[in-house]
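# Reading the structure
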Amino acid sequence: MTTVIPHPNASVATSAAPAGLAGYNFAYLDEQTKRMIRRALLKAVAIPGYQVPFGSREMPLPYGWGTGGIQVTAAVIGPDDVLKVIDQGADDTTNAVSIRRFFAKTAGVATTDRTVDATVIQTRHRIPEVPLTENQILVYQVPIPEPLRQLEPREAETRKMHALEEYGVMHVSLYEDIAKFGRITRSYNYPVRVNGRYVMAPSPIPKFDNPKMDRMPALQLFGAGREKRIYAVPPYTDVKSLDFEDHPFEIETWEEDCSLCGAQDSYLDEVIVDDKGTKMYVCSDSDYCRERREAGHQGDGGPK
Amino acid sequence: MYVAVKGGDRAIENSQKLLDEERRGDPRVPELSLDQIREQMSLAVDRVMTEGSLYDPELAALAIKQARGDLVEAIFLLRAYRTTLPRFGVGEPIDTAKMAVRRRISATYKDLPGGQLLGASFDYTHRLLDFALAAGDERPVAEIAPEGVESGMQHVADILDHEGLIEREDPDDENQPVFDLTRESPRYPADRAARLQNLARGDEGWLLALGYSTQRGYGNNHPFAGEIRVGEVAVEFAPEELGFPIEIGEITVTECEMVNQFKGSAQVPPQFTRGYGLTFGHCERKAMGMALVDRALRARDFGEATEAPAQDEEFVMAHSDNVEASGFVQHLKLPHYVDFQAELVTVRALRRKAEAARAIADAAE
C-alpha cells in the first residue's frame, strides 16, 4: 500500500519565487507573516532599542540557531538583494553556511562573502570590521533580547523596569564588578543605551564591536525568535556602552597582530596549533583578512 | 603554515548523507513503512501529534521515521511543517461530553452513569517482557461486547456541579478574541486559555515532572482523578458562506479532569476546584500531568500561596516547549569562539591583576 503524503502547501500569498523552493513562498515565510514582521520592525525602528513582541513563527531551523535573524531577513530581503551570512565573523562556519543555503534555496537570492558587496548581512556574534554603509542592513541573531534578564528573570518585571527607565540594577551590577575585580568583567553582550533611552542587549558580540554600533550608517535589526522579540537601531543613532566617568568603557586589545594578514586593528581569534598549547592569532572577520591579504598585506605566518 | 579552516559547505553535505544512511540502518533489514509506524507505534504518533500541534497521523509517522524515533526531533519536524499551512478559520469547540468513549475511568466514584470503562490500558498489565512477542507473527483479537457503550456520557465534574460542590465553569464570551499562542508572543500574567494552550503543546516530561512535584509537596493541590476519558469527538467548522457548523472530521482525544480540594477563602465557600488536561490521541500520562499543572497555575486565582515551581506561571510556561528548549540547549554546540576569546582576554587580565597584587603582598612580608 502506498501512502500519499500531501505536498507542503504554498502560502495564501501569490507572489511566486522565480528560483525559490517549490511549494514555498519567496524566502519561506508567507506574505502575511512577513507583513506582521515588517510592522514589528517599523515599530522597532520608531522606538530605538525597545523590544517589540512579535508572533515569531516556527522555522525549519532550530530555536537558538538564528530563527529570529532568519525571520527578520526573510521579511526584508528582496530578489535583488545580495546576502552575506556570518557566524563568529566568518562566512564558512557551519551555521552560517546552513543559513546562507536556506536563503539561496528558498529565495534564490545572490549571496556573497564580500562585506562591501552585500545589501543584507545576517550575523551571529560579530559586526564586520569594514564600516557599513547606508545601503546595507545588518541583521543580528539574538539569543536573549532582554539585557536585564540575568538580573531579573521575570518578563513581567523587566518590562516594567524598561517602561519606568529603571536601570539602577544594571549600573549596580557593573559597579559590583568594579568593586570586586577592579574592572567591568563583561566581555560580550555588553549592555548599551540607545538614543539616550532604552538599555539594550547588543547580542553576544564582543564588546570590541560595541563602538561600531554607535551612529552606524546602516540599519541594524535584531531578531530573537525563541523569545519572540524584535528590536532595532535606526541609522545614525547614538549607541553608548554603559560605563562610569572614572571607569570608562574599554575594548579588548591584543599584543599580537593577525598572523595571516598582519592586521592590528581587527578582532583576533586565538587558534591552538599544537598539543603544547602554542597559539597564533588570526582575524575573526574572514572576509576582512582575505581582502587584506589580497591587497598584499602579510602577517608573520604564525609559529614556525 | 596555518590556513583558516574552510569547507563548512562540504562538511554539511556529507554529514547529511551520512545521517540518511544511518537512519536507514542495515539495508538487509526491511525498511519501516509509515503504515507500520502509524499502526504499531501509535502512542509515539499520538505524542508527536499532540506536542507537534498537528492532528495528522500520516505526517507524524513520517516525522518519526525521518527522526529515527527521536520524538522531540519528530515534534520539531511536524511543527516546522505546520507553520507553513494556511489557516481557513477556527473550528467550533469540541464537545467531549458527546465523545464516542473507548476508555473512561473515574477515581472519585465506584460507579456512575455510563459506568467505568477500562478500555485498552497498560495499567493492570504486569510489566514482564513478552518473549513471544519477540518471535512476532501474533494476531491478538479482542472479543466484541454484546452491547455497545452508551453514547453521550456526562462528565464527572458536572455531577458534582449539580450539587454546587465544584467551582462553576462557564464558557467564555464567544465574541471575545481568544489568545493564540501560535500567532502572538506570550504576555504575563497569562490568562487560562493561554496557559492551557501552552501546556497542551508542552513537553510531556516537563509536565510529568512538574505535576509529580506538586504531589510531593511543592504546591500540593490535593488532586483526585475525577475522570479520564479517551475516544473520538467530532470536529465542526462553520464556513462563513454557510453560517452554520458542519462536521468536517473526527479526532481522537484524551481528556483528564482533576478534582481538587479547596478549603475556601473569605470570598469563596469550601468547594472542589478543577484542573484540566487535553491531548490529541491517547496520551494519558501527559493529560494527567497537564491537569495537575493547570490546577497548580490557578493558585493565584484562588488566593493560594504561589511558592512552588509548578505554580510559577512564567517559569512553567517559558520552559515547557521542547522545541524551544531543545534548540536553545543544543545551540551551545554552535561556535562561540569569539565570545570565548573575549572571556580569555578578561580572565587573563584579571589573573595578571591578582598576580601583581600577590607579588606586592609577598614583597611586603
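Secondary structure assignment for chain A yields seven helices and twelve strands. What you see for chain A is a C-alpha radius of gyration of 21 Å, in line with the 19 Å of a compact globule of 304 residues. Here the C-alpha coordinates of chain A stretch approximately 70 × 55 × 45 Å along the principal axes. By residue count, 58% of the 304 residues in chain A fall in the buried class. In chain A, 61% of the contacts between residues at least 6 apart in sequence involve partners at least 24 apart. With an accessible surface of roughly 12700 Å², chain A has 51% of that area assigned to carbon and sulfur atoms. A distance of 7 Å separates the average location of the 35 positive side-chain charges in chain A from that of its 42 negative side-chain charges.

A cluster of acidic residues, E92, D172, D173, E174, D191, E236, E247 and E250 of chain B, forms a negative patch on the protein surface. Looking at the secondary structure, you find E250 of chain B in strand β3 (residues 246-262).

Residues and elements named next belong to chain B. Partitioning chain B into structural domains gives domain 1 (2-82) and domain 2 (96-123 + 147-326). Taken together, the contact pairs 14 residues of domain 1 with 20 residues of domain 2. Between domain 1 and domain 2 lies a buried interface of about 1400 Å² when both sides are counted; carbon and sulfur atoms form 58% of it. Considering only the side of domain 1, the residues that lose the most area to domain 2 are T50, Y55 and R79, jointly responsible for 42% of the buried surface there. Scanning the region where domain 1 abuts domain 2 turns up two salt bridges. Residue R47 is joined to D203 by a salt bridge in which the shortest nitrogen-to-oxygen separation is 3.0 Å. Where the side of domain 1 that touches domain 2 is concerned, the elements lending two or more residues are α3 (42-52) and α5 (71-82). When residues in the side of domain 1 that touches domain 2 are grouped by element, the largest group, six residues, is from α3. Across the side of domain 1 that touches domain 2, the residue classes tally to seven nonpolar, two polar and five charged.

Right, let's talk about a nonpolar patch on the surface for a bit. Residue and element names in this part refer to chain B. Residues L242, F244, I246 and I248 make up a contiguous nonpolar surface patch of about 360 Å² in total accessible area. Along the chain, I248 falls in strand β3. Residue classification places I248 among the exposed positions, given a relative accessible area of 55%.

So, about the sheet that holds strand β2 (residues 223-237) of chain B. Residues and elements named next belong to chain B. The antiparallel open sheet is built from four strands, whose spatial order is β1-β2-β3-β4. Since the sheet does not close on itself, it has two edges, and those belong to β1 (100-105) and β4 (271-280), each with one partner. The mean angle between the axes of side-by-side strands here comes to 20°, regardless of whether they run parallel or antiparallel. One ladder, built from 14 bridges, connects β2 with β3; its direction is antiparallel. Residue pairing across strands places F224 opposite V259, the latter belonging to β3.

It is worth spelling out the environment of D95 of chain B at this point. Mapped onto the secondary structure, D95 of chain B falls in the loop between α5 and β1. Reaching out from D95 of chain B, the side chain makes a polar contact with the backbone nitrogen of A97 of chain B at a distance of 3.1 Å.

The next point concerns the confidence of the model for chain B. All names here are of chain B. Across chain B, the average pLDDT comes to 92, with 98% of residues at or above 70. In this model residues 1-5 is a low-confidence stretch, pLDDT under 50, and it forms eight contacts with partners more than four residues away in sequence or in other chains. Scored as a complex, the prediction yields pTM 0.89 and ipTM 0.84.

Calculation notes
Residues numbered from 1 in each chain as written. Chains lettered and ligands numbered in written order. Predicted model: local features only at pLDDT ≥ 70, side-chain atom pairs only at ≥ 80, totals over all residues. Heavy atoms only, no water. Helix = DSSP H or I, 4+ residues; strand = E, 2+ residues; numbered from the N terminus. Rg over C-alpha atoms; globule rule 2.2 N^0.38 Å. Buried < 20%, exposed > 50% of the residue type's maximum accessible area, 1.4 Å probe, protein only. Contact = heavy atoms within 4.5 Å. Areas by Shrake-Rupley, 256 points an atom, 1.4 Å probe, with all protein chains shown as cover. Lys, Arg positive; Asp, Glu negative; His and termini not counted. Charge placed at Lys NZ, Arg CZ, Asp CG, Glu CD. Patch = residues over 30% accessible without salt bridge, like charges linked within 9 Å, V, L, I, M, F, W, Y side chains within 5 Å. Salt bridge = Lys/Arg side-chain N within 4 Å of Asp/Glu carboxyl O. Domains from an automatic or database assignment. Buried area = accessible area lost by both parts, 1.4 Å probe. Nonpolar A, V, L, I, M, F, W, Y, C, P; charged D, E, K, R; others polar. Pairing = 2+ DSSP bridges. Axes fitted to C-alpha atoms, helices over the stretch in contact; angles between N-to-C directions. Polar contact = N/O pair within 3.5 Å; in protein donor to acceptor, adjacent residues only side chain to side chain. pLDDT = per-residue confidence, 0-100.

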